[in-house]
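Tertiary structure, described
Spelled out, the chains give:
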Amino acid sequence: MSELDALPSVPSAEPPLPPEPDSTSQTTEADRLRTELAELRRERDARERQDAVDGLLRRFQYMTPEIVQALGDDFPLDRLEAVAAAVNGAVHVGRYPRGLGRGGLDPTDGNQRDVTWGRLFTQARQNRAQGQGATIVGDLR
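The structure contained in this document is the topic of the report that follows. (Residues numbered from 1 in each chain as written. Predicted model: local features only at pLDDT ≥ 70, side-chain atom pairs only at ≥ 80, totals over all residues. Heavy atoms only, no water.)

Of all hydrophobic cores here, the largest spans 8 residues; its members are V53, L56, F60, M63, V68, F75, L80 and A84. Of all the secondary structure elements, the ones that give two or more residues to this core are α2 (23-59) and α4 (77-95). Leave out the neighbours within four places in its chain, and A84 touches F60 and M63. (Core = buried A, V, L, I, M, F, W, Y, C linked by side-chain atoms within 4.5 Å. Buried < 20%, exposed > 50% of the residue type's maximum accessible area, 1.4 Å probe, protein only. Helix = DSSP H or I, 4+ residues; strand = E, 2+ residues; numbered from the N terminus. Contact = heavy atoms within 4.5 Å.)

This is how it looks when you write it as structure tokens:
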């Protein structure tokens, strides 16, 4: 062996080539990125669903988070809106039955005089003067 063989080689002007990429490392990296993308999509879908449910809860007074939980996370949003409308309608009908109204004058009561706008305004003005609300309850004077 000569002395020249033991000396390191002189660096060339060309940079060294990167090592050959291992095909298995590329595959695992691609799989990892696919998994991460799928997770990000699931998080986005969950946020969008939660925003939609929050909107339903704001729009429909009697829809509660407990009802939404009972229906499940996979319940379609369009059907959830229909359920919210049905619940809201059912509570309103049960709370305020159709008929004469929620109070005040009963136009079918024979003991009272005929109701006119002039008498209603007069009664409301008198009620306010006495410190009562403008709601007319009872007999017209």
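Bringing the environment of V83 into the picture now. With respect to the helices and strands, V83 occurs in helix α4. Under the relative-accessibility criterion, V83 is labelled partly exposed at 26%. Distance in space between the C-alpha atoms of V83 and I67 is 9.4 Å, their sequence separation being 16 residues. Filtering out sequence-adjacent residues up to four positions away, V83 remains in contact with M63, L71 and F75.

Moving on, we get to the environment of V68. Among the secondary structure elements, V68 is positioned in helix α3 (residues 65-71). Accessibility expressed as a relative area gives 12% for V68, which makes it buried. Leaving out residues up to four positions away in the same chain, V68 has contacts with V53, L57, M63 and L80.

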